[in-house]
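# Summary of structural features
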Amino acid sequence: MMGNSGSGFTDAPGHGPSRRSVLGALSAVPLAAGGLVAASSTAEASTTASTATASGASVSSPGNPSSKDAPISKAGLRRLREVLAGHMASKRIPGLVALVSRGGQTHVEALGTMRAEGGAPMRRDTIFRMASTTKPVSMAAAMVLLDECRIRLDDPVERGLYPQEGAPNLAPDEWMRRLGTLPLMYQPGEHWQYNMSHDVLGVLVARVTGKPFETFLRERIFDPLGMKDTGFHVPAGKIDRLPPLYSPDPVSGKLVVWDEAVGGRVSKPPVFQSGGGGLVSTVDDYHAYFRMLLNGGVHNGQRILSRPAVEMMTSNRLSPQETAFRTEMAKKYVHVSFGQGQHGGWGFGMAVRTYRADYASVGQFGWDGGAGTSTYGDPDKQLAGILLTQVGTTNPDSTRAILDFWTTLYQVIDD
């Protein structure tokens, strides 16, 4: 999952005109051919933390439904910790940070160490590379623009992505120029394809607002939600909170450092701010975002997104034919992705559960990342869960931890 297939919006030379709209960008429907050069010792469980104490007790979160309306089982939380601690004991994952919240209660577990050889323990404020779990958050910038009528779902994307004559040769412009030379794999609306459209959407947001993508995200999403540790790089003053990213050898399983913290890929501002996979963040920052979605676009009394915008983001946007194709692919080939979950549908920047294939409810929304991250919200249960690791999905280890996390997370519900 560290590398993904691409998608784009321009017609191939010699092709007739096609419908290229903002809706296509949001839904990741139009496709382009690949090949673009884009600028773009394991300890036992060490720490148990909650919003209040190290004992694992949960507390109420402001601005959310009462904890009395959505209880969390203490026995279920103990089981969750035991299962996650077992993955630490396997020495295949150095450390992780997990969060579960329901209604007004939030519980966090920080287990293991930052590095495979041991040393500093994982902490609640550890910063992780979010990889493809960037997508659900970066989509919010486009939804703000939709709410404000600065873009429209059926606007031709050329309005925001046309070549800018005389503009400085900035990386996003060069990236778009190269993307525009590639032929489409499919005509827009004919097929669902993952990933590239989210990077294009970041460029669109920057063009429409006249600001760097991250600046607009910070002004309209990060700062209002208190996401102080989320961005496209880790500043020097916080680099000690970033673990290395490990890419296990697919044969031996040995943990190999794929990206170091100091001097690594996210230690300095990127040339290209990738809306498809470039964010770094923490469990508390992502929790604020997903609780806002579960609360219909409101955070602590402040409206971030309109309720209709949230409903659009978290509803299946695929056609019946596309949904059937994706469901069939998931059911037949789920073993290829190490048993990663089956979702069925796709909203704006995230998967949407359209059928019951595991413990998750129909309507659950969110996504996973190739750096070993998983973030979902369940509106039916008013449940949010986040699991962050520093082990990429080149072998099954982090994926199995993610699956076990969600299996045990749903057992904390004790109505």
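What follows is about the packing of helix α3 (residues 135-147) against helix α7 (residues 213-225). Running from N to C, α3 and α7 point in directions that differ by 80°, and their axes come no closer than 10 Å. Between α3 and α7, the crossing angle belongs to the class labelled roughly perpendicular. For the pair formed by α3 and α7, the contact residues are Val137, Ser138, Ala140, Ala141, Val144 and Leu145 on the first element and Phe213, Phe216, Leu217, Arg220, Ile221 and Phe222 on the second.

Attention now moves to the packing of aromatic side chains. Per the stated rule, a full pass over the model turns up nine aromatic pairs. Plain terms: the ring middles of Tyr376 and Trp406 are 5.3 Å apart, the flat faces sit at 90° to each other, and that makes the pair edge-to-face. With Tyr376 in strand β15 (residues 373-378) and Trp406 in helix α11 (residues 397-409), this residue pair connects regions lying 30 residues apart in the sequence. Across the pair, exposure class does not vary: Tyr376 and Trp406 are buried alike. Taken together, Tyr286, Tyr289, Phe290 and Phe365 form an aromatic cluster joined through their ring pairs.

Here we come to the pairing of β15. With six of its six residues buried, β15 lies for the most part within the structure. Judged by which residues are buried, β15 turns out to be covered on both faces: Thr373, Thr375 and Gly377 on one side and Ser374, Tyr376 and Asp378 on the other are all buried. The pairing of strand β14 (residues 365-369) with β15 spans five bridges and is classified as antiparallel. Pairing of Gly366 across the sheet is with Tyr376, part of β15. Between β14 and β15, which pair antiparallel and follow one another directly, the connecting turn spans three residues, one of which, Gly372, has a positive phi of 90°. Sheet analysis places β15 next to strand β16 (residues 383-389), joined by six bridges and oriented antiparallel. By the bridge assignment for β16, Ser374 is matched with Leu387.

Let us look at the confidence of the model for the protein chain. Confidence in the prediction for the protein chain averages 81 pLDDT; 78% of positions are at 70 or higher. Across residues 1-19, where pLDDT falls below 50, the model places 66 contacts with residues more than four positions away in sequence or in other chains.

Our focus in this paragraph is a nonpolar patch on the surface. Judged by side-chain polarity, Phe325, Met329 and Tyr333 come together as a nonpolar surface patch covering roughly 310 Å² of accessible area. With respect to the helices and strands, the residue Phe325 is situated in helix α10 (residues 320-333).

This paragraph deals with unusual backbone geometry. Of all residues except glycine, most have a negative phi; of all peptide bonds, most are trans. Within the chain, Ala131 stands out as a residue other than glycine whose phi angle is a positive 50°. With respect to the secondary-structure elements, Ala131 resides in the loop between β6 (128-129) and α3. For Ala131, a relative accessible area of 17% corresponds to the buried category. Phi angles above zero are rare outside glycine, and Asn300 is one such case at about 50°. Mapped onto the elements, Asn300 comes out in the loop between β10 (298-299) and β11 (302-303). Judged by relative accessible area, which is 45%, Asn300 ranks as partly exposed.

Here the focus is the pattern of salt bridges. Applying the stated criterion across every chain yields a total of 20 salt bridges. Of the charged contacts, one joins Glu174 and Arg178 as a salt bridge, the two residues approaching to 2.8 Å between their closest N and O atoms. Taken together, the residues Glu174 and Arg178, both in helix α5 (residues 171-180) and four residues apart, mark about one turn of the helix. On the basis of relative accessibility, which here comes to 34%, the residue Arg178 falls in the partly exposed class. As a salt-bridge pair, Arg353 and Asp358 come within 2.9 Å of each other at their nearest N and O atoms. Several salt bridges converge on common partners, so that one network encompasses Arg123, Asp125, Asp229, Lys238 and Arg241.

What follows is about the pairing of strand β4 (residues 105-115). Most of β4 is tucked away, with ten of its eleven residues classed as buried. In this sheet, β4 lies alongside strand β3 (residues 95-102) in antiparallel orientation, the contact comprising eight bridges. Looking at the pairing, Arg102 lines up with Gln105 of β4. A loop of two residues connects β3 with β4, the two strands running antiparallel in sequence, and Gly103 in this loop sits at a positive phi of about 60°.

Glancing now at the nonpolar core. Ranked by internal contacts, the top residues of the largest apolar core, which has 50 residues, are Ile221, Tyr289, Leu293, Leu305 and Met313. For this core, the leading source of residues is α3, giving nine residues. Core analysis: the next-biggest nonpolar cluster, separate from the first, contains 30 residues, Leu84, Ala98, Tyr194 and Trp367 among them.

So, about the side chain of Ser132. Within the element layout of this structure, Ser132 appears in the loop between β6 and α3. Using a relative accessible area of 3% as the deciding quantity, one classes Ser132 as buried. Separated by 3.1 Å, the side chains of Ser132 and Lys135 make a polar contact.

Calculation notes
Residues numbered from 1 in each chain as written. Predicted model: local features only at pLDDT ≥ 70, side-chain atom pairs only at ≥ 80, totals over all residues. Heavy atoms only, no water. Axes fitted to C-alpha atoms, helices over the stretch in contact; angles between N-to-C directions. Helix = DSSP H or I, 4+ residues; strand = E, 2+ residues; numbered from the N terminus. Parallel < 35°, antiparallel > 145°, perpendicular 65-115°, else oblique. Contact = heavy atoms within 4.5 Å. Phe/Tyr/Trp six-rings, centres within 6.5 Å; stacked < 30°, edge-to-face > 60°. Buried < 20%, exposed > 50% of the residue type's maximum accessible area, 1.4 Å probe, protein only. Pairing = 2+ DSSP bridges. pLDDT = per-residue confidence, 0-100. Patch = residues over 30% accessible without salt bridge, like charges linked within 9 Å, V, L, I, M, F, W, Y side chains within 5 Å. Areas by Shrake-Rupley, 256 points an atom, 1.4 Å probe, with all protein chains shown as cover. Salt bridge = Lys/Arg side-chain N within 4 Å of Asp/Glu carboxyl O. Core = buried A, V, L, I, M, F, W, Y, C linked by side-chain atoms within 4.5 Å. Polar contact = N/O pair within 3.5 Å; in protein donor to acceptor, adjacent residues only side chain to side chain.

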